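What the coordinates show
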Amino acid sequence: MKYSNTKEFIKDWKSKTHERYQGGLDFLKYVGPGLIVTVGFIDPGNWATNFAAGGQFGYSLLWVITLSTIVMIVLQHNAAHLGIVSGRCLSEAANEYFPKKVSRPLLLSAVAASISTSLAEILGGAIALKMLFQIPLKIGAAAVALFAAFLLLTNSYKYIEKIIISLVSLIGLGFLYEVFIIDVDWEQAAYHFVTPSIPDGSLFIVLGVLGAVVMPHNLFLHSEVIQSRQINRKGEKEIEKNLKYEFYDTLLAMGMGLAINSAMIILAATAFHANGINITSLDQAATMLTPLLGRVAGIVFGVALLLAGISSTVTSGMAGGSIFSGIYDEAYNVNDIHSRVGVLISLSVALVIIFFIGDPFKGLLWSQTVLSMQLPLTIFALVYLTSSEKVMGKYKNSTLTKFLLYFIGVIISTLNIGLLFFN
């Protein structure tokens, strides 16, 4: 564009700058749902699988974080897409559009996945309390579960959202500190970020990392929390605007999750694998960090784990409430009996199971594998619904998107079969 004088140029520059500034402010209004989901992406189950991956195999499994993050972005965007367009969460949509003989087993298995998730989250928080304050594991687990239930049953969603965003930020800062005080081989780390390899004996860990990153309860949760904006009631223009900004929100949130998960593997690879230290528990990891990196590193590790345990227990309970209320064709509302029952089932059953677990670290690893076994069911259900014109109208998946999503489902299912028969 040509300008006749300097004043015209300045006027045009100011106008464009204002538009960009206004666009940035608009984006900030939509930040939140993606970060809620990110909590499940950096939960104690992730800690267990990431430290097992880095401690046993060094940097070589970093590519799994890269791959699973890409997969997660595609799936989470698709789940949010369903919530924005249809005004229904995944559980409600499955209950409405699938026959009962399909929807009931699907949603009950999703409730079981939520319980498995809550088990990992509560256990992680309890391990952190034991590290920091010498509180016995079972008492700590009860404290974490009760505190999460209190937050869920007494506070509004927006208040919880702000708490969780703050906790995610603190966890990120904790790992940023940890990584920058160790001597990382960044050249090797960069290589393994993009170079797939499966060392002997690593398939169980690979699947565990995948299950810890791409989690079924998060797909249900994202389709639910995105509706806090009540977008589908505001018309087509608002739907299209939200589809754009939601994708940016998801990219930002998943990028943060990628950085934190990668930092876990890098920390374990540099501090433990390089020194021939075999890590079999998270509290052992904290204990071993102290002589290697100093007392502050061990404390930061424990505090970050506690924050991760509390925040992810809240989101797993919320997911349980959303899934259970969807069975009764109801949206998540903590004042509704079915949502409350779903929250309590997710947290209380997980707590009971914890009381019978002999090895907490193995319990964390197995909980993530259970999630990966249920994940294909949720993926195939999600893709079917978001590809349906009856459900999504003109916003249904394109042929290419549908193919990509089904391909992801097949790959994950194949990995599960590999775990069952070849590991």
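Let us look at the structure shown here. (Residues numbered from 1 in each chain as written. Predicted model: local features only at pLDDT ≥ 70, side-chain atom pairs only at ≥ 80, totals over all residues. Heavy atoms only, no water.)

Here the focus is the overall build of the protein. The secondary structure content of the protein amounts to 18 helices and zero strands. Going through the 423 residues of the protein one by one, you find that 57% of them count as buried. For the protein, the share of sequence-separated contacts (at least 6 apart) that also reach a separation of at least 24 residues comes to 84%. Summing over all exposed atoms, the protein offers an accessible surface of approximately 17900 Å²; the carbon and sulfur share of this is 65%. (Helix = DSSP H or I, 4+ residues; strand = E, 2+ residues; numbered from the N terminus. Buried < 20%, exposed > 50% of the residue type's maximum accessible area, 1.4 Å probe, protein only. Contact = heavy atoms within 4.5 Å. Areas by Shrake-Rupley, 256 points an atom, 1.4 Å probe, with all protein chains shown as cover.)

Now for the environment of serine 262. Looking at the element boundaries, serine 262 is found in helix 12 (residues 236-271). With relative accessibility at 4%, the residue serine 262 sits in the buried group. Each C-alpha atom, one on serine 262 and one on leucine 62, is 6.6 Å from the other, the two residues being 200 residues apart in sequence. Excluding residues that lie within four positions of it along the chain, serine 262 makes contacts with Leu62, Ile65 and Phe193.

Let's shift gears to the packing of helix 6 (residues 100-133) against helix 7 (residues 137-154). Between helix 6 and helix 7, whose axes approach to 8 Å, the crossing angle comes to 125°. As far as their axial angle goes, helix 7 and helix 6 are oblique. As for how helix 6 packs across helix 7, the hand of that crossing is right-handed. Contacts between helix 6 and helix 7 involve Ile122, Leu123, Gly125, Ala126, Ile127 and Leu129 from the first element and Leu137, Gly140, Ala141, Ala143, Val144 and Ala145 from the second. (Axes fitted to C-alpha atoms, helices over the stretch in contact; angles between N-to-C directions. Parallel < 35°, antiparallel > 145°, perpendicular 65-115°, else oblique. Left-handed = near helix turned anticlockwise from the far one by under 90°.)

One can describe the packing of helix 4 (residues 62-86) onto helix 11 (residues 216-225) by two numbers: an axis separation of 7 Å at closest approach and a directional angle of 40°. It follows from the interaxial angle that helix 4 and helix 11 lie oblique. Helix 11 is crossed by helix 4, and the crossing has right-handed handedness. Only Asn218, Leu219, His222 and Ser223 of helix 11 make contact with helix 4, whose side of the interface consists of Met72, Leu75, Gln76, Ala79, Ala80 and Gly83. The residue makeup of the contact of helix 4 with helix 11, split by class, is five nonpolar, five polar and no charged. (Nonpolar A, V, L, I, M, F, W, Y, C, P; charged D, E, K, R; others polar.)

Considering all chains together, one arrives at four salt bridges under this definition. With a closest N to O distance of 3.1 Å, arginine 88 and aspartate 329 form a salt bridge. On the criterion of sequence distance, the pair formed by arginine 88 in the loop between helix 4 and helix 5 (90-97) and aspartate 329 in the loop between helix 14 (295-327) and helix 15 (337-354) is long-range, its members being 241 residues apart. Overall, arginine 88 belongs to the partly exposed group, its relative accessible area being 23%. (Salt bridge = Lys/Arg side-chain N within 4 Å of Asp/Glu carboxyl O.)

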